[in-house]
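Structural features, examined
Listed here are the chains, written in short residue letters.
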Amino acid sequence: MKLCVFASGSGSNLQALIDAQYSQKLCAEVAAVVSNNESAYALERARCAGISAYHIASQNFERREDFLTSLCRVFDEHNIELIVLAGYLKKLPPEIVQKFANRILNVHPSLLPSFGGKGMHGLAVHRAVLNAGCKVSGATVHIVDERYDTGIIVLQKCVAVLDDDTPETLAARVLTVEHELLPRAVRMFAHDEITICNGRSVYTCL
Ligand code: GRF
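What comes next is a walk through the structure. (Residues numbered from 1 in each chain as written. Predicted model: local features only at pLDDT ≥ 70, side-chain atom pairs only at ≥ 80, totals over all residues. Heavy atoms only, no water.)

Scanning the chain from N- to C-terminus turns up six helices and nine strands. Seen through its C-alpha atoms, the chain measures out along the principal axes to roughly 50 × 40 × 35 Å. For the chain, buried positions account for 47% of its 206 residues. By sequence separation, contacts in the chain at least 24 residues apart represent 62% of the contacts at least 6 residues apart. Taken as a whole, the chain presents about 10,000 Å² of accessible surface, with 50% of it coming from carbon and sulfur. Separation of charge centres in the chain, based on 20 positive and 22 negative side chains, amounts to 3 Å. (Helix = DSSP H or I, 4+ residues; strand = E, 2+ residues; numbered from the N terminus. Buried < 20%, exposed > 50% of the residue type's maximum accessible area, 1.4 Å probe, protein only. Contact = heavy atoms within 4.5 Å. Areas by Shrake-Rupley, 256 points an atom, 1.4 Å probe, with all protein chains shown as cover. Lys, Arg positive; Asp, Glu negative; His and termini not counted. Charge placed at Lys NZ, Arg CZ, Asp CG, Glu CD.)

Shown next as structure tokens:
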């Protein structure tokens, strides 16, 4: 299964996918990486791994359809079957979400539907979790729909919130879980082990 990974920042989740691929645990290939941020370290990680890296940002196109065409050209050139958002801070155009219906995954650093939605990314998520006095947080991999963080949940894993946690220390522990969940979710899709039934993901591998 050919993947296109979208990332805006450091790309540690992308690296987890690349590492899983090279250790034969992903059962898929990261065929292309796209970032809206030309200085994103995620693009450097892709280049180091010999993966096609693209800086494609909507603000660089005068016409919206040219932005869409640029993205679709990547998907077509690399025969993309699954899109993965790994720290991508932009919303995908609805045309792309419809073209890849139920074939776009996102990783989010909380137990959705809690602490999701527009603006809830990075340390803001963990700050909100701590401010709410939660004792448990975690990571979620979900299918992307046309809104932020509202798609069908595929995998989740809990992380204990410690009394002396800061947003940074909690973020670090949740990120470790993201690195575990995202490759596992991709592998389940590659093995066709996920079906969507009544708005919920159902594992067909158990
Ligand atoms: C992760 O915390 C992810 O949950 C969120 O953005 C961050 C991306 O980190 N969507 P990285 O760029 O993969 O290191």
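Now that the structure has been shown, we can carry on.
Following both chains from N to C, one finds helix α1 (residues 12–22) and helix α6 (residues 167–190) inclined at 50°, their axes separated by 9 Å at the closest point. Taken together, the axes of α1 and α6 are oblique relative to one another. As for how α1 packs across α6, the hand of that crossing is right-handed. For the pair α1 and α6, contact is made by Ser12, Asn13, Ala16, Leu17 and Ala20 and by Leu175, Glu178, His179, Leu182, Pro183 and Val186, respectively. Across the contact of α1 with α6, the residue classes tally to seven nonpolar, three polar and one charged. (Axes fitted to C-alpha atoms, helices over the stretch in contact; angles between N-to-C directions. Parallel < 35°, antiparallel > 145°, perpendicular 65-115°, else oblique. Left-handed = near helix turned anticlockwise from the far one by under 90°. Nonpolar A, V, L, I, M, F, W, Y, C, P; charged D, E, K, R; others polar.)

By size, the foremost hydrophobic cluster in this structure holds 39 residues, and its most contacted members are Val30, Leu105 and Val186. Here this core takes nine residues from α6, the largest share from any one element. Excluding residues that lie within four positions of it along the chain, Leu105 makes contacts with Leu82, Ile83, Val84, Leu85, Val141, His142, Ile143, Val144, Val154, Ala185, Val186 and Phe189. (Core = buried A, V, L, I, M, F, W, Y, C linked by side-chain atoms within 4.5 Å.)

Just distances and angles here, no functional claims.
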